[in-house]
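Notes for the structure review
Residues per chain are reported as follows:
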Amino acid sequence: MPSLKFFSHFNKVLITLCCALFSINAQAGDLEITPMFGHTFSPKLNSGDNTIELPTTDESNVALAFSWQDSPKGQGQILVNFVSRDFTDNIDQSTHTFDTLYAHFNGVAFYRQRNYITTFGVGIGATYFKSDFDSVVYPSITIALGTRYKFSDNLAFITELRAYATLTKDDDTVFCQNGTCVASFDGAVWLDSQISIGLAYSF
C-alpha cells in the first residue's frame, strides 16, 4: 500500500491542479472531469549489480483528468495517473513496492467520426517514483490515442491507449539503502504503457 508520505505528495499535486483548472475562464459545459481505470504493462528493472533483469508486475492503474474545451476541435487537460507495482530482488528474493505517480499537462485533439470521436493527445510533466527505500521526481512526456462515445450532452465513454516516457538515471539511489542497491533503472528512459477506460462528465 502507498505510504502516508506518498498520499501527502498526491494531495499537494491534486490541490495545485484543481486551482489551475478552476482559474481557467471557461463557460458552463466547457469543463470536464474524467475518472479512469485500466491496466499497466510495466518495463523491467536491472538488478543492483546489473547482472540480470528484474521483472516488475503488471498492475491496475487509476487516473483522474481535469479538462477544458480549448476549441471545437480539442481540449486542454491536466492528468494525474497512479500505479503501484512490485518487483523481487535477486539478493534475498524479497518483494518490494514500487509506486509511480504521473502528473501532466496535455493537449487533446478531436477527430470527429459519424458515431464517435477519435482523440490524440500529447503532454509534458513529471513522474514521481516511490520505492520502499527512497523517492525521486523526473521529467516525462506522454502520448495517447483514444475514442469518445457520447451518451448525452454531459456524459461520454472514454477508451485510451497511453504511453509514458520518463527520463531516469541508472545510477539513482531510489532502490538503495545503506549503500546497498537492490535494483536500478534499465537505461535512460522508463517506458510505461497503459490501456484504460473511463467516463467523462462535463459541467
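No experiment lies behind these values; they were computed from the predicted model shown.

Assigned secondary structure in the chain consists of 1 helix and 13 strands. Secondary structure elements of the chain, listed N to C terminal, follow the sequence α-β-β-β-β-β-β-β-β-β-β-β-β-β. When burial is assessed residue by residue, the chain has 42% of its 203 residues classed as buried. By sequence separation, contacts in the chain at least 24 residues apart represent 62% of the contacts at least 6 residues apart. As displayed, the chain has an accessible area near 10500 Å², and 60% of this comes from carbon and sulfur atoms.

A word on the packing of aromatic side chains. Under the criterion given, the structure shown has 15 aromatic pairs. Centre to centre, the rings of Phe 175 and Phe 185 are 5.3 Å apart; their planes meet at 65 degrees, and the pair counts as edge-to-face. In this pair, Phe 175 sits in the loop between β9 (155-167) and β10 (176-177) while Phe 185 sits in strand β12 (residues 183-185), placing the two residues 10 residues apart along the sequence. Each member of the pair Phe 175 and Phe 185 is classed as buried. Three or more aromatic residues joined by ring pairs form one cluster here, namely Phe 87, Phe 98, Phe 129, Tyr 138, Phe 175, Phe 185 and Trp 190.

Now for a nonpolar patch on the surface. Side chains of Tyr 111, Phe 120, Val 122, Ile 143 and Leu 145 sit close together on the surface and give an oily, nonpolar patch of about 450 Å² of accessible area. Elements that contribute at least two residues to the nonpolar patch include exactly β7 (117-131) and β8 (135-150).

Conventions adopted
- Residues numbered from 1 in each chain as written.
- Predicted model: local features only at pLDDT ≥ 70, side-chain atom pairs only at ≥ 80, totals over all residues.
- Heavy atoms only, no water.
- Helix = DSSP H or I, 4+ residues; strand = E, 2+ residues; numbered from the N terminus.
- Buried < 20%, exposed > 50% of the residue type's maximum accessible area, 1.4 Å probe, protein only.
- Contact = heavy atoms within 4.5 Å.
- Areas by Shrake-Rupley, 256 points an atom, 1.4 Å probe, with all protein chains shown as cover.
- Phe/Tyr/Trp six-rings, centres within 6.5 Å; stacked < 30°, edge-to-face > 60°.
- Patch = residues over 30% accessible without salt bridge, like charges linked within 9 Å, V, L, I, M, F, W, Y side chains within 5 Å.
- Salt bridge = Lys/Arg side-chain N within 4 Å of Asp/Glu carboxyl O.

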